[in-house]
Each structure stands twice: as structure tokens, then as C-alpha cells.
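Structure at a glance
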Amino acid sequence: MSNTIIHYVSLGFPDNVLIRESEFMNQDYVYSKCPVHTHKQNRVFIGLSPIDFSLRVIRKTDGLNRIICDDTNLITWDDEHVNSPKPVIQLKFPKFMFYTNEDDVWFDFYDHPMTALKNNFVAVRGWFNLSNWSRVSSLGMTIVDETKPVIIKKGDPLCRISFYPSNLDNTISIKEETDQERIKQLEQVYNEKTDEGWVDKIWKQKLFSKTNKTSKCPVGFLFK
């Protein structure tokens, strides 16, 4: 069994928390002893809210939608998404930038089951080959009942993240980068590569292809 290392930078809030699901779950459940369950759970990470936050969406037939929330700087939205069958808003927390030096490690971002019940939203899912295209995570949320507010408390689980190496039996280790000079380098390269990618659309062919020399992670120079 090998170990796959995922590096990450916490962005926006010093209290962003990324925790292994096995450390978050109550181990008194009988199924916590099942090897099939624990094998998966030990490879899943949960993003916890660093703050208390509330939001309400008011959709109008004339298209003049209103968003009422604690801090509009913490959300991104447009009428196209709000006018979906259910309103969709993007939160700017918790926010992480992930990268890896290993080939063909897929990143899977998906919902936590408690948010539909407790927080009134479901996270928008997505996955891609992280080895080819490092990116900052974003939490798009589809509101379950638009007649009610979204209410989030600090420490609430908001999303789940999994990493899939070529060998699914690999253990997964995450390492937070805290050196500020290195983080500046990462952000500079990430922003430059992201800007270039949106112009030439090269990111599209990298998302789901196998890793090769030309598709390697855009912050790979930091491993040399």
C-alpha cells in the first residue's frame, strides 16, 4: 500500500477546517467496524464552516431577485443561477487550493448529507484530474426550500472531498502549506495559469485526460 500526498492552502479564513471523515463521525455506530466502510471513510475529507452565516433568496417574477445575507462579500450569484429550478448560490467558504505532484489523482467535490436537513442546501458536485489542473475549491449550493433561509453555524459540515489515485488502496495524506512566501508563489502561478487557461481553454482538455508531461499540475515547479 502506498501513500498519496495532497497539498493544500487554506484561503480566506484562518479557521477553515478540513477534517478526515473518520475523525468526524461517531464511532459508536456498529458499521464503523466494517472494513468496507472504514476504507472509504478514511479517504474522505469534510470541509467545516469557519463562521456563522445566514442567507435568504427572494425570487420575483419580474426578475428582480433579492439576496439577503450576513455579508454579500462571502457569496457569488447571478440571475441565471438564481432562476434555476431551485436557486443556486456560490459560497466563498470554506475555500482551499489543492495540488499534487503525483499523476492521475482525481479530485471529487460533493455534498454532505446533513446540509439538506440542517442547513437547507445541497452542494453542487464535480470532479476532475487534479494532477493536470490545480484549482481552488468552490461551494455552489442548491437551496432545498427557498421559502426558508439557509442557516450555517461554525463547525457545520458543508461538503465532502475525496481524492482518487490510480490505486484506490493507497492511503491519502493531506499536508497544509503554511509558509507565506511559498503561498504567494502558489497564488501567483495559479492566477497566471488560470487566466491563461480561460483564454486558450487548455483547461478543458486537461480536466479528464491522463497525466503527461504537457498536462502536469501548473504549480509543479514548486516540487523541483
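What you see is a predicted model, and the numbers here were worked out from it, not measured in a lab.

Here we take up the overall build of the protein. Within the protein, the regular secondary structure consists of six helices and 16 strands. Relative to the 2.2 N^0.38 estimate, which gives 17 Å for 224 residues, the radius of gyration of the protein is 18 Å and therefore close to what a compact globule would have. Viewed in the frame of its principal axes, the protein has a C-alpha envelope of about 55 × 50 × 30 Å. Burial status across the protein gives 45% buried among its 224 residues.

Our next topic: the sheet that holds strand β13 (residues 139–143). Across the sheet, four strands lie side by side as β6-β7-β13-β10; this open sheet has antiparallel pairing. Each having just a single partner strand, β6 (75–76) and β10 (121–123) make up the two edges of the open sheet. Bridge count for strand β7 (residues 88–91) against β13 is four bridges, and the pairing is antiparallel. Residue pairing across strands places L91 opposite L139, the latter belonging to β13.

What the five strands build is an open sheet, ordered β2-β3-β15-β9-β11; its pairing is antiparallel. Sheet topology places β2 (17–20) and β11 (126–129) at the edges, where each strand pairs with a single neighbour. Put simply, the sheet's adjacent strands are angled 25 degrees from each other on average, direction ignored. Of the pairings in the sheet, the one linking β2 to strand β3 (residues 44–48) comprises four bridges and is antiparallel in character. The residue of β3 that forms the bridge with I19 is I46.

Our next topic: the pattern of salt bridges. Under the defined criterion, the tally for this structure stands at seven salt bridges. The salt bridge partner of R160 is E21, with a shortest N-O separation of 3.7 Å. Here R160 is found in strand β15 (residues 157–164), whereas its partner E21 is found in helix α1 (residues 21–24), with 139 residues between them in sequence. Neither R160 nor E21 differs from the other in exposure class; each is buried. Of the charged contacts, one joins K210 and D104 as a salt bridge, the two residues approaching to 3.4 Å between their closest N and O atoms. Linking K210 in the segment after α6 (202–206) with D104 in the loop between β8 (95–99) and β9 (106–111), this pair joins segments that are 106 residues apart in sequence. Given the relative accessible area of 13%, D104 is considered buried.

Glancing now at the pairing of β3. Most of β3 sits inside the fold, with five of its five residues counted as buried. Residues V44, I46 and L48 point to one face of β3 and F45 and G47 to the other, with burial holding for every one of them. Across five bridges, the pairing between β3 and β15 is antiparallel. Bridge pairing links V44 to S162 in β15.

This part is about the nonpolar core. Counting residues in hydrophobic clusters, the biggest one holds 39 residues, and the most contacted among them are F53, L55, F93, F98 and F163. Per element, the largest residue contribution to this core is four residues, and it comes from β15. Not counting the four nearest positions on each side in its chain, F53 is found in contact with C69, D70, D71, L74, I75, L91, F93, V150, I151 and I152. Of all hydrophobic cores here, the second largest spans eight residues; its members include V9, L11, L186 and Y190.

Tracing the chain through its elements places N42 in the loop between α2 (35–41) and β3. A sequence separation of 60 residues divides N42 from E102, and the C-alpha atoms of the two residues are 19 Å apart. Side chain to side chain, N42 and S22 meet in a polar contact 2.8 Å long.

Right, let's get into a negative patch on the surface. The grouping of E192, D195, E196 and D200 at the surface amounts to a negative patch. The topology assignment puts D195 in helix α5 (residues 180–200). Residue class for D195 comes out exposed when judged on its relative accessible area of 53%.

Each value, and the rule that gives it
- Residues numbered from 1 in each chain as written.
- Predicted model: local features only at pLDDT ≥ 70, side-chain atom pairs only at ≥ 80, totals over all residues.
- Heavy atoms only, no water.
- Helix = DSSP H or I, 4+ residues; strand = E, 2+ residues; numbered from the N terminus.
- Rg over C-alpha atoms; globule rule 2.2 N^0.38 Å.
- Buried < 20%, exposed > 50% of the residue type's maximum accessible area, 1.4 Å probe, protein only.
- Pairing = 2+ DSSP bridges.
- Axes fitted to C-alpha atoms, helices over the stretch in contact; angles between N-to-C directions.
- Salt bridge = Lys/Arg side-chain N within 4 Å of Asp/Glu carboxyl O.
- Core = buried A, V, L, I, M, F, W, Y, C linked by side-chain atoms within 4.5 Å.
- Contact = heavy atoms within 4.5 Å.
- Polar contact = N/O pair within 3.5 Å; in protein donor to acceptor, adjacent residues only side chain to side chain.
- Patch = residues over 30% accessible without salt bridge, like charges linked within 9 Å, V, L, I, M, F, W, Y side chains within 5 Å.
- Areas by Shrake-Rupley, 256 points an atom, 1.4 Å probe, with all protein chains shown as cover.
- Lys, Arg positive; Asp, Glu negative; His and termini not counted.
- Charge placed at Lys NZ, Arg CZ, Asp CG, Glu CD.

Shape descriptors only; they carry no functional weight alone.
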